[in-house]
Amino acid sequence: MNLTNLTYFIAAAEELNFTRAARRLYISQQALSSHIAKLEEYYQVPLFDRGNPMTLTDAGRVLYQSAVQVTETLELCDRRLQDIKDFTRGSLSVGIPVTRGTMMLPQLCSAFHQLYPKVHLEIFEGQTTPEVEQALAAGKIDLAVGYVPQDATNIVSVPLYRETYVLVAPNQLLAEMFPPHTLVAMKRKPQSIATFAGLPFVGQIETTMGGKVFRQLCREADVTPHVVLTTANILTLLNLCVAGLGVCTLPSTFVRQSDALPGLRGAGIVGPETLRRVTVFELNSATGSAQLAVNRLRSKMLTQAGREFIHLAQELFHD
């Protein structure tokens, strides 16, 4: 029993005449009879009552219903595979730490959906970078957005940009501390965190990566900051800074503004109007600097959807 036998049987069952069915299939009547005989031998039952007129037996009716279902399922499978081949539909799973995803995904996913509306995106948001890396290593996700992993034996990394730590200061506090001409000069070159030692700080708790980087920056500059408030969440930290509670340090990702691609809507969590209430300073330290990339398993096939997602991420987040 094979697909050809079933296809020939369907034609014979619909025509109920071997001559007409053979003509429809562009084969000889003898060849058709041979295929039907193989099916009857395989199932050990007659499929046709070969009287006049010819009819299907009970077994033949059951086989006809099932054979139609089988061929329709295969045709549907063919169409779906062709859609994937032609990239009109598909699916893609992407992992990213939840806070970073809040900043990067709205614009990236919006642009991807506009370009490829029939591709289903599934987002895995890990609480930490190691959680996302573990999901990628286990093959649970297709792509991961984050740092280039230290153990890259089975990982292919496509670089996006180098993330650095920057200092963000409320304009109101700056105006109280520095005259305008000094601020203009400060913006022209990277600054030490010591420059802002006289201002209050808001920081992340010590157990977070941001908290560790902040404390390392202070040690390098021999500064004991006046920290008025700490939080675990980096977006809360930024909002507290924007509200004027204090200066903070955080990854450049959270204050960078990516231009939308031509014809596509741009959407960012932190908009230009919000950032106009603060000033962002480069720091003269490489502490916390790391390469951001889209990572994938070397051993796992990269689909067309994956290739397009990586290309779009590079377009949106180029240096």
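Attention in this report is confined to the structure presented alongside it. Note that this is a predicted model, so its numbers are computed, not measured. (Residues numbered from 1 in each chain as written. Predicted model: local features only at pLDDT ≥ 70, side-chain atom pairs only at ≥ 80, totals over all residues. Heavy atoms only, no water.)

### Points about the overall build of the protein chain
Here is the rule: Put simply, DSSP H or I for four residues or longer makes a helix, DSSP E for two residues or longer makes a strand, and each gets a number counted from the N terminus. Radius of gyration here is computed from C-alpha atoms only, and the compact-globule reference equals 2.2 Å multiplied by the residue count raised to the power 0.38. For every residue, the accessible area (1.4 Å probe, protein chains only) is compared with the maximum for its type, and the residue is labelled buried under 20%, exposed over 50%, or partly exposed between those bounds. Contacts are assigned to residue pairs with any non-hydrogen atoms lying within 4.5 Å of each other. All accessible areas in this document rest on Shrake-Rupley with a 1.4 Å probe, and a residue is counted as covered only by the protein chains that are shown.
Looking only at helices and strands, one finds twelve helices and twelve strands in the protein chain. Its C-alpha atoms give the protein chain a radius of gyration of 32 Å, clearly above 20 Å, the size a compact globule of 319 residues would have. Seen along its three principal axes, the alpha-carbon backbone of the protein chain occupies a region of about 105 × 40 × 25 Å. Looking at the 319 residues of the protein chain, the share that counts as buried comes to 43%. Of the contacts formed within the protein chain by residues at least 6 apart in sequence, a portion of 76% connects residues at least 24 apart. Carbon and sulfur atoms make up 52% of the accessible area of the protein chain, which totals about 17200 Å².

### Focus on the packing of helix α5 (residues 98-115) against helix α12 (residues 304-316)
Here is the rule we go by: Comment: axis = line fitted to C-alpha atoms, over the contacting stretch for helices; angle = value between 0 and 180 degrees taken between N-to-C directions. In what follows, roughly perpendicular refers to angles from 65 to 115 degrees, roughly parallel to angles under 35, roughly antiparallel to angles over 145, and oblique to any angle outside these ranges. Crossings are sorted by hand: turned counterclockwise from the far helix by less than a right angle, the near helix makes the crossing left-handed, and turned clockwise it makes it right-handed.
The N-to-C vectors of α5 and α12 enclose an angle of 130 degrees; their axes lie 10 Å apart at closest approach. In terms of axis orientation, α5 runs oblique to α12. Every pair of crossing elements has a handedness; the one defined by α5 and α12 is right-handed. The segment α5 lies against α12, with Gln-107, Leu-108, Ala-111, Phe-112 and Leu-115 engaging Ala-305, Glu-308, Phe-309, Leu-312, Ala-313 and Leu-316.

### Remarks on the nonpolar core
Note the cut-off: We call a set of buried residues a nonpolar core when its members are Ala, Val, Leu, Ile, Met, Phe, Trp, Tyr or Cys and they connect through side-chain atoms within 4.5 Å of each other.
The biggest cluster of nonpolar side chains holds 29 residues, and the ones touching the most others in it are Met-104, Val-145 and Phe-309. Going through the elements one at a time, β3 (90-97), α5, β4 (119-126), β5 (143-147), β6 (155-163), β12 (290-297) and α12 are the ones with two or more residues in this core. In this structure, Ile-36, Leu-39, Leu-63 and Val-68 belong to the second largest nonpolar core, which totals 21 residues.

### Regarding a nonpolar patch on the surface
The line we're drawing: For patch building, the residue pool is restricted to those with more than 30% relative accessible area and no salt bridge; the joining distance is 9 Å between like charges and 5 Å between nonpolar side chains (Val, Leu, Ile, Met, Phe, Trp, Tyr). One side-chain nitrogen of Lys or Arg within 4 Å of one carboxyl oxygen of Asp or Glu is enough to make a salt bridge.
Residues Met-1, Tyr-42, Tyr-43 and Val-45 make up a contiguous nonpolar surface patch of roughly 380 Å² in combined accessible area. Assignment of secondary structure puts Tyr-43 in helix α3 (residues 29-43). Note on Tyr-43: relative accessible area 32%, which makes it partly exposed.

### Regarding the sheet that holds strand β10 (residues 248-251)
Applicable threshold: Criterion used throughout: strands pair if DSSP finds at least two bridges between them.
Reading across the sheet, the three strands line up as β10-β7-β11 and stay open at both edges, with antiparallel pairing between neighbours. Each edge of the open sheet is held by one strand with a lone partner, namely β10 and β11 (278-282). Neighbour to neighbour, the strand axes of the sheet diverge by 35 degrees on average, direction disregarded. Two strands pair when backbone bridges link them, and strand β7 (residues 165-170) and β11 are joined in this way by five bridges, in the antiparallel orientation. Opposite Pro-170, over in β11, you have Val-278 as the bridge partner.

### Here we look at helix α1 (residues 3-15)
An α-helical turn contains 3.6 residues, so any two residues separated by three or four positions project in the same direction. Rules: For a helix, the expected span equals 1.5 Å multiplied by the number of residues minus one. Whenever two N or O atoms come within 3.5 Å, that pair is a polar contact, provided that in protein one can donate a hydrogen and the other can accept it, and provided that, for residues adjacent in sequence, both atoms are side-chain atoms.
When the terminal C-alpha atoms of α1 are compared, their 19 Å separation across 13 residues agrees well with the 18 Å that a helix rising 1.5 Å per residue should span. Taken together, the buried positions of α1 are occupied by Asn-5, Leu-6, Tyr-8, Phe-9, Ile-10, Ala-11, Ala-12 and Ala-13. Residues of α1 that are buried sit in contact with α2 (18-25), α3, β1 (48-49), β2 (55-56) and α4 (58-85). Sitting at the amino-terminal end of α1 is Asn-2, which places a side-chain oxygen 3.1 Å from the backbone nitrogen of Thr-4. Downstream of α1 by one or two residues, Leu-16 has phi in the positive range, about 50 degrees.

### A look at the side chain of Glu-308
The following threshold applies: Under the counting rule used here, the positive set is Lys and Arg, the negative set is Asp and Glu, and His together with the chain ends is not counted.
When you line up the elements, Glu-308 lands in helix α12. For the buried Glu-308, no salt bridge is present, and the opposite-charge side chain at shortest range is Arg-307, 6.1 Å distant.

### Some thoughts on the pairing of strand β9 (residues 226-231)
The condition that has to hold: Here is how to tell: hold the view so the strands point away, follow the path from the first strand over the helix to the second, and if it runs clockwise the crossover is right-handed.
Across five bridges, the pairing between strand β8 (residues 200-204) and β9 is parallel. In the sheet register, Phe-201 faces β9, and the bridge partner there is Val-227. Regarding topology, helix α9 (residues 209-220) serves as the crossover connection from β8 to the parallel β9, and that connection is right-handed.

### Side note on the sheet that holds β12
Strands sit in the order β4-β3-β5-β12-β6 across an open sheet of five strands; the sheet is mixed. Since the sheet does not close on itself, it has two edges, and those belong to β4 and β6, each with one partner. Strand-to-strand, the axes of this sheet are offset by a mean angle of 20 degrees, without reference to chain direction. For β6 and β12, the ladder comprises eight bridges, and the chain directions are antiparallel. Paired with Tyr-161 across the strands is Leu-292, a residue of β12.

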